Each structure stands twice: as C-alpha cells, then as structure tokens.
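Architecture and fold: a report
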Amino acid sequence: MECQSQRHPDPRGHRADAGTCARRRRRGGADALWLSEHGWQVTASDISGNALARVRAEADRRGLSVDRLRRDANDREAFPSGGFDLVSLQYGSFQRTPDQRGLHNLLGAVAPGGTLLVVSHDLAPLAEPVDVATQTRMFDPGAYVGIEEIVAAIGEAGDWTIEVHDTRDRPPGAASTHHVRDVLLRAVKSNRSPLA
C-alpha cells in the first residue's frame, strides 16, 4: 500500500500517512509491526539476523508483511537511496566512522518530502564523572553516532526542516533501566534541492 492517502492515528495521538518505511532496530520490531498493521510498506533493518528472524516470526504470526534487510548502517549502499517516506531509528546505534558513512546512509535513505524520526536515550548523564570504585561504564557514547551529530548533519545539508528536537521525560511505567529521559528528533527532507 505504498503512498496511500489514507491516514492512520499512531499511539501517541499523531497521525501518519501510509507509505514506505525503513525501520532500524529496537524493541523486537514492535514499531515495524505497528506500521505494517496500519498500512505501511515496511522494511525492517538490523545488523542482527536473530532480531530479523524474530520480526519475521511475529509478522508471520500476525499475518503481516514486513521486508527484512540485514545490514550495518555503515555498509556501502546499506539502504536504497531516497527510498523511504519514513526512516525511523528508535534507540538504535551505529558506530562512528571517519567518513560518516552510516550517517550519510541514514539521511540518504529518506525520500524527498519524507520524514526522519529518531528517538534516543538522553546520554547527558554519561558525561558526568563517576566514582570508579563503585561504578563502571560499559558503553562509550563517543564511539557511536549520536542524535546531535544527526542534527548537525541535517543543518549542514540545508534541505531539511527540523520539526521537533527536544528532550522529554519518559512516560510513567515506560520500561527502562536507568534511562529516564529521551531525546527526540523529527525532521522532514525538502522536496527540492537546496541549490534550486
């Protein structure tokens, strides 16, 4: 049902046009399954074959169609260029590289007029010093592309409009360990070239 004009509400009270969607990682494919249930043509992408197998099994159980793409965001030609009306990166991560290939692949996958939706943990608390005698950090956020890097790249590209970029408290009851705030980004790619 690619690019239908029919509109569907999402669970947060927003509305979304049915279209094509690339969904990178997280929550066992719940977002990919929800979008498919609501008329979207969905491609779920992950580096993990096991994660994609779980998405396939649940999609089959529900009678849904979800294409699967086993790729690292840093692969050459990881995603079809300009192929998706919505690219959704929910708590996903990909490593920073000198050529920023993963970042370029992510932004390049969004079709003109399409939307990039990124939700990430607020990692600001990881910048605070810790007492190494009582706490260790197993995650180095500096090794991965962060939401602020995505925002900067969008600004440099000149053909995007940022609609939402803020930090929000998680709703009561949201499953979490120690993360209590999320950073959200919603940006729309222009239908025209910035040089036009």
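Structural data are supplied above this passage.
Our subject in this report is the structure included herewith. In this text, all values refer to a predicted model and were calculated from it rather than measured experimentally.

A few words on the pairing of strand β9 (residues 181–189). When strand β7 (residues 110–121) meets β9, the two strands line up antiparallel, connected through seven bridges. Bridge pairing in β9 places Ser120 opposite Val183.

As a further point, take the nonpolar core. Membership of the largest hydrophobic core comes to 25 residues, with the highest contact counts inside it found for Leu107, Leu116, Ile150 and Ile154. Per element, the largest residue contribution to this core is five residues, and it comes from helix α4 (residues 147–157). Core analysis: the next-biggest nonpolar cluster, separate from the first, contains 12 residues, Trp40, Val42, Leu52 and Ala59 among them.

We note that Glu77 has phi near 50°; this positive angle belongs to a residue other than glycine. When you line up the elements, Glu77 lands in the loop between β5 (66–70) and β6 (84–90). Positioned with a positive phi, Gln100 is a non-glycine residue whose angle comes to about 55°.

Another point: helix α3 (residues 101–108). Taken together, the buried positions of α3 are Gly102, Leu103, Asn105, Leu106 and Leu107. Check the buried side of α3 and you find it contacts β6, β7, α4, β8 (160–169) and β9.

Moving on, we get to the packing of α3 against α4. Viewed as axis vectors pointing N to C, α3 and α4 meet at an angle of 65°, and their least axial separation amounts to 11 Å. The hand of the α3/α4 crossing is right-handed. Together, Leu103, Leu106 and Leu107 of α3 and Glu149, Ile150, Ala153 and Ile154 of α4 make up the contact between the two elements. Residues of the contact of α3 with α4, tallied by class, amount to six nonpolar, no polar and one charged.

Position of Asp182 among the secondary structure elements: in strand β9. A residue is classified by how much of its surface remains accessible, and Asp182, at 9% relative accessible area, is buried. There is a polar contact of 2.6 Å between the side chain of Asp182 and the side chain of Tyr91. Leave out the neighbours within four places in its chain, and Asp182 touches Tyr91, Val119, Ser120, His121, Asp122, Asp166, Thr167, Arg168 and Arg170.

This part takes up the pattern of salt bridges. Scanning the model with the defined rule gives eight salt bridges in all. Residue Glu58 pairs with Arg61 through a salt bridge whose shortest N-O separation is 2.6 Å. Residue Glu58 and its partner Arg61 are both found in helix α2 (residues 49–62); the two are separated by three residues, about one turn of the helix. A relative accessible area of 62% places Arg61 in the exposed class. Here Glu149 and Arg96 are joined by a salt bridge, their closest N and O atoms 2.2 Å apart. Residue Glu149 is found in helix α4, and its partner Arg96 is found in the loop between β6 and α3; the two are separated by 53 residues along the sequence. Among the residues examined, Glu149 registers a relative accessible area of 19% and is labelled buried. Classification of Arg96 as partly exposed rests on a relative accessible area of 34%. Here the salt bridges share partners, and the residues they tie into one network are Glu37, Glu58, Arg61 and Arg62.

Conventions and cut-offs
Residues numbered from 1 in each chain as written. Predicted model: local features only at pLDDT ≥ 70, side-chain atom pairs only at ≥ 80, totals over all residues. Heavy atoms only, no water. Pairing = 2+ DSSP bridges. Helix = DSSP H or I, 4+ residues; strand = E, 2+ residues; numbered from the N terminus. Core = buried A, V, L, I, M, F, W, Y, C linked by side-chain atoms within 4.5 Å. Buried < 20%, exposed > 50% of the residue type's maximum accessible area, 1.4 Å probe, protein only. Contact = heavy atoms within 4.5 Å. Axes fitted to C-alpha atoms, helices over the stretch in contact; angles between N-to-C directions. Left-handed = near helix turned anticlockwise from the far one by under 90°. Nonpolar A, V, L, I, M, F, W, Y, C, P; charged D, E, K, R; others polar. Polar contact = N/O pair within 3.5 Å; in protein donor to acceptor, adjacent residues only side chain to side chain. Salt bridge = Lys/Arg side-chain N within 4 Å of Asp/Glu carboxyl O.

Bear in mind that shape data such as this cannot, by itself, settle questions of function.
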